[in-house]
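# Tertiary structure, described
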Amino acid sequence: MANENLYHLSLHSRARRESFGILFYNSRDGKLTFVRSGDSLDVGESEKGSFLVPAGDEVLNKTSLIIKALMTKGLLETAEVKTEVDQPSDDAPRPAQPTIARRASAHREALQAPVNVTWEITSRCNLHCRHCLSADVMAHSGAELDFDQCRRFIDDLARIRVFQINFGGGEPFLRPDFLDILEYAHSKRITTCVSTNGTTLNDALAKRLKKMDFLYIQISLDGAHAATNDLLRGPGTFERILSGIRLLAAHRIQGVSTNTVVTGINFKEILQIYELGAQCGVKTRLSRFRPSGNARNIWAEYHLNKEQLAELSQFLSTHRDVLTGDSFFSITGKDRRELGLNMCGAAKMTCSVLPDGTVYPCAFLQDAPFKAGNVVLEKLESIWKEAPAFEALRNVRIESCESCSRFSLCHGGCPAVAYYLTQSVNQPDPECIGTFPRQHHIDEPGGETSARA
């Protein structure tokens, strides 16, 4: 037995062991760090959370740069605590030298569990948005998980070390016990992001949210003016949404962003939406308009044409602080490649759970062929590892894209868009800018000039 260093994870970081090494998550920015560590590092869970550096000066020398890098990223605390561990025998195999993989896409083995889970916690909603992605499923969803079932599910997510839950709906704040569910998730050190329409926020609710750590809030806003927003979200919603945003700003609640589904009718207002968010002290997030749910009914009228998609790509290049969902990799340039995934995360990094516990690979792939199981009947870990629908998505190979110069940036794009427009996930994303005429490519420095959105 020998004394060694136990490095504690910082308050906003978590880690879990994978077959290739260790996966770290930083809740401050949502970024992942992969450490290909062999046996030189391992994760140990305590009340604070920690991982152990095994005994032996040679091992420590090999891992010292990794330790320093993780500290620089804010994933580890500088304090060192002494503990006793077994000394490896002289004939034990030497661990491989660890390296940090900068991008999630650098690793292709299936993860042991999702990084995050999108959980549509309720089918209740006070709005009837024309582009609601969940409309069809919500209409046919079974009974919602009760509070005890929700707690058991969160316990299971904590056990398999899911790092983040993205709560949606419906409107989450219409569920009477939702704040209790949020607090329970936080007690398990799971980061949460709540997608809300903002119209149900009030002072009492804001005061309670203010006390929560590990919380991000995303408020839907689909126009810089009432006429535009209300056409999609309903009469009077623009002013109610702005009131909700200003309320959270008044309470100085951190981690708030607006979320705009970019359509043909609000496309020219993106810059104004960005400026409006800045005035309110919140970030701007853009989501792709995809033909699922109610959006299928208005797709032909409201989807972006290729010129608009190229212009949107330029806007994102000149506004790098704008957040995007992981489906934007197919329409953004190389200058944003380090800001997120460069491939679809469905069944690889994430999955979706409906109010009744039904599991799908993605919130945009909730058709019958993609149904993977139900968390009331089986553990999510089993569904994640064994569901045929998940395995099929992990093995999708779009050969027609592999010769494209942008393949490393998008790997074929969003399979949900491909599925709804071509009836197959094995086809390229029809909106990928790699399919555009040469004059619309914006990857190289000195390409098209910045467009005003």
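Described in the following lines is the structure provided in the data block. (Residues numbered from 1 in each chain as written. Predicted model: local features only at pLDDT ≥ 70, side-chain atom pairs only at ≥ 80, totals over all residues. Heavy atoms only, no water.)

## Brief notes about the overall build of the protein
Defined as follows: Secondary structure elements are taken from DSSP: a helix is a run of H or I of four residues or more, a strand is a run of E of two residues or more, and numbering for both begins at the N terminus. Only protein chains enter the accessibility calculation, which uses a 1.4 Å probe; a residue whose area is less than 20% of its type maximum is buried, one above 50% is exposed, and one in between is partly exposed. When checking whether two residues touch, look at their non-hydrogen atoms; a contact exists if any pair is within 4.5 Å. Per-residue accessibility takes into account occlusion by the displayed protein chains alone, with areas from the Shrake-Rupley method and a 1.4 Å probe.
When its secondary structure is counted, the protein shows 14 helices and 18 strands. Buried positions account for 57% of the 453 residues belonging to the protein. In the protein, once contacts between residues fewer than 6 apart in sequence are set aside, the share between residues at least 24 apart is 72%. For the protein, the accessible surface area stands at approximately 19900 Å², while carbon and sulfur atoms represent 49% of it.

## Details of the pattern of salt bridges
To be explicit about the condition: Note on definitions: salt bridges are taken to be side-chain nitrogens of Lys or Arg within 4 Å of carboxyl oxygens of Asp or Glu.
Within the structure shown, the criterion is met by 18 salt bridges. The closest approach of N and O atoms between Asp 155 and Lys 188, which form a salt bridge, is 3.6 Å. Placement of the pair is Asp 155 in helix 3 (residues 147-159) and Lys 188 in the loop between helix 4 (178-187) and strand 11 (191-196), with a sequence separation of 33 residues. Judged by its relative accessible area of 30%, Asp 155 is partly exposed. Residue Lys 188 is classed as partly exposed on the basis of its relative accessible area of 31%. Close ionic contact of Arg 394 with Glu 391 constitutes a salt bridge, the shortest N to O distance being 3.8 Å. Of the two residues, Arg 394 and Glu 391 both sit in helix 12 (residues 388-394), three residues apart, roughly one turn of that helix. Arg 394 sits in the buried class, given a relative accessible area of 17%. The partly exposed category is assigned to Glu 391, whose relative accessible area is 38%. Through salt bridges with shared partners, a single network forms among Arg 124, Glu 144, Arg 175 and Asp 177.

## Considering the pairing of strand 9 (residues 116-120)
The test is simple: For two strands to be treated as a pair, DSSP must find at least two bridges joining them.
Extensive coverage of strand 9 is indicated by the burial of four of its five residues. In the sheet, strand 9 pairs with strand 16 (residues 350-353) via four bridges, with the strands oriented parallel. Counted as the bridge partner of Trp 119 is Val 353 from strand 16. Alignment of strand 9 against strand 10 (residues 164-168), held across five bridges, turns out to be parallel. Following the sheet pairing, Trp 119 is matched in strand 10 by Phe 167.

Interpretation note: all reported values are geometric properties and have no functional meaning in isolation.
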